[in-house]
Amino acid sequence: MKKIVCITACPTGIAHTYMAAEMLENAGKSLGVSIQCETHGAIGIENKLSEKDITESIGVIIASDIRVDKKRFHGKPLIEVSIQKGIQEASKLIQTMLDGHVKIYMHKEEF
Amino acid sequence: MLMNELIKPEDVLLDFDAKTKDEAMEMLANILYTHHKIDDLQGFLKDIYEREAITSTGIGFGIAIPHAKSSHVLIPTVIFARSIEGIPFDAMDGKDAHLFFMIAMPEDGTNAHLRVLAMLSRKLMHEDFREALFDVQSLDEALKLLHTMN
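**Q** Just to check I follow, could you spell out the overall build of chain A for this structure?
**A** The helix and strand inventory of chain A stands at four helices and five strands. The order of α-helices and β-strands along chain A, N terminus first, is β-α-β-β-α-β-β-α-α. In terms of overall size, chain A behaves like a compact globule, its C-alpha atoms giving a radius of gyration of 13 Å where 111 residues would be expected to give roughly 13 Å. Taken along its principal axes, the extent of the C-alpha atoms in chain A is 40 × 30 × 20 Å. In chain A, buried positions account for 46% of the 111 residues. At a minimum sequence separation of 6, the contacts of chain A that also span at least 24 residues come to 64%.

So this is what it looks like as structure tokens:
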């Protein structure tokens, strides 16, 4: 089964983070894709992605309204959208990743 | 057990009749104030709108979840209100909101409460749960459904 890793994060970290995670996981189920979703909420970071998860994945979906460190995703196809899009368009995001044509993320250190 | 602490009978309103987003915010916050869950109505509303300014908490699917971690919160509480008619809430999908959850968390909210809110958020993404909430006929029925989160 193909695997996609995700990160969801929102400013307060109370609700949207988990809504987007749930939508992405559900959409993954219907599309036959394994979804690993790391949540950055008020509780802290949960379900942390392992290096193995990232290596095995076909790409990364980040749905967030706050800044997320993307260093570990260097060289992976990466889609980055708002948290709202993560909730509203979860299936579309996963389908886009499956279809390919996603830009490869090249990490640059910011100073 | 935790959901019972967050949503008490006095926190549920099944015939919510606000007409606008602002009116909805004020009415929901007023329930909190009336039951001494917050110490300052305007102060709490300010925190709610500050969060709202980042993105609308009208998340679509007929749901709105205005929320704030605020120093004005005395008791962590979730107000649940249902509007049969629906209220425009700047939702991303353009649809009116029917199910409202106003979440009032103190700044030092415990992880246990945050966890139960995470569960609620996840559950709200399921259509059958939303429909069941929309269809409840009584306060008891609403509480029973909401408390299944535990």
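On we go from here.
**Q** Even after reading the chapter, I still don't get helix α4 (residues 111-123) of chain B, so can you show me in this structure?
**A** Relative to the 18 Å expected for 13 residues at 1.5 Å per residue, α4 of chain B spans 18 Å between its end C-alpha atoms, a close match to the ideal helical length. Burial in α4 of chain B covers these residues: His113, Leu114, Val116, Leu117, Ala118, Leu120, Ser121 and Arg122 of chain B. Lining the buried residues of α4 of chain B we find α1 (16-31) and β2 (34-41) of chain A together with α1 (2-6) and β6 (97-106) of chain B.

**Q** How should I be thinking about the interface of chain B and chain A in this particular structure?
**A** A common way to express how large an interface is: the accessible area buried when the components associate. If you look at the interface, chain B gives 21 residues, while chain A gives 17 residues. Of the residues assigned to the side of chain B that touches chain A, the class counts are eleven nonpolar, five polar and five charged.

**Q** What's the story with the packing of α1 of chain A against helix α4 (residues 90-99) of chain A in this structure? I'm lost.
**A** A pair of packed helices can be characterised by two numbers: the angle between their axes and the separation between those axes. Residue and element names in this part refer to chain A. One can describe the packing of α1 onto α4 by two numbers: an axis separation of 8 Å at closest approach and a directional angle of 55 degrees. Considering their axes alone, α1 and α4 lie oblique with respect to each other. The two elements α1 and α4 meet at a crossing, and its hand is right-handed. Contacts from Met23, Leu24, Ala27, Gly28 and Leu31 of α1 reach α4 at Ala90, Ser91, Ile94, Gln95 and Leu98. Here the contact of α1 with α4 is built from residues that sort into seven nonpolar, three polar and no charged.

Cut-offs and rules
The numbers attached to residues start from 1 for each chain and follow its sequence in the written order. Chain letters and ligand numbers both follow the written order, the letters beginning at A and the numbers at 1. Reporting in this predicted model follows two pLDDT cut-offs: at least 70 for local features of residues, and 80 or more for side-chain atom pairs to be given and counted; totals over whole chains, interfaces and linings ignore these cut-offs and use all residues. By definition, any uninterrupted DSSP run of H or I lasting at least four residues is a helix, any uninterrupted run of E lasting at least two residues is a strand, and each is numbered from the N terminus. In this description the radius of gyration comes from C-alpha coordinates, and the expected globular size is given by 2.2 Å times residues to the power 0.38. Note on burial: count the other C-beta atoms lying within 10 Å of the residue's C-beta; 20 or more is buried, 12 or fewer is exposed, in between is partly exposed, and C-beta positions come from the backbone. Each residue gets a C-beta atom placed from its backbone, and two residues are in contact if those atoms lie within 7 Å. Expected span, for any helix, means 1.5 Å times one less than how many residues it has. Residues are grouped as follows: Ala, Val, Leu, Ile, Met, Phe, Trp, Tyr, Cys and Pro are nonpolar; Asp, Glu, Lys and Arg are charged; all remaining types, including Gly, are polar. Note on definitions: angles span 0 to 180 degrees between N-to-C directions of axes, and those axes are lines fitted to C-alpha atoms, for helices only across the stretch in contact. Small angles under 35 degrees read as roughly parallel and large ones over 145 as roughly antiparallel, with 65 to 115 read as roughly perpendicular and the rest as oblique. Handedness of a crossing follows from how the near helix is turned relative to the far one, being left-handed for an anticlockwise turn of less than a right angle and right-handed for a clockwise one.

Remember that the coordinates give geometry; whether it matters functionally is a separate question.
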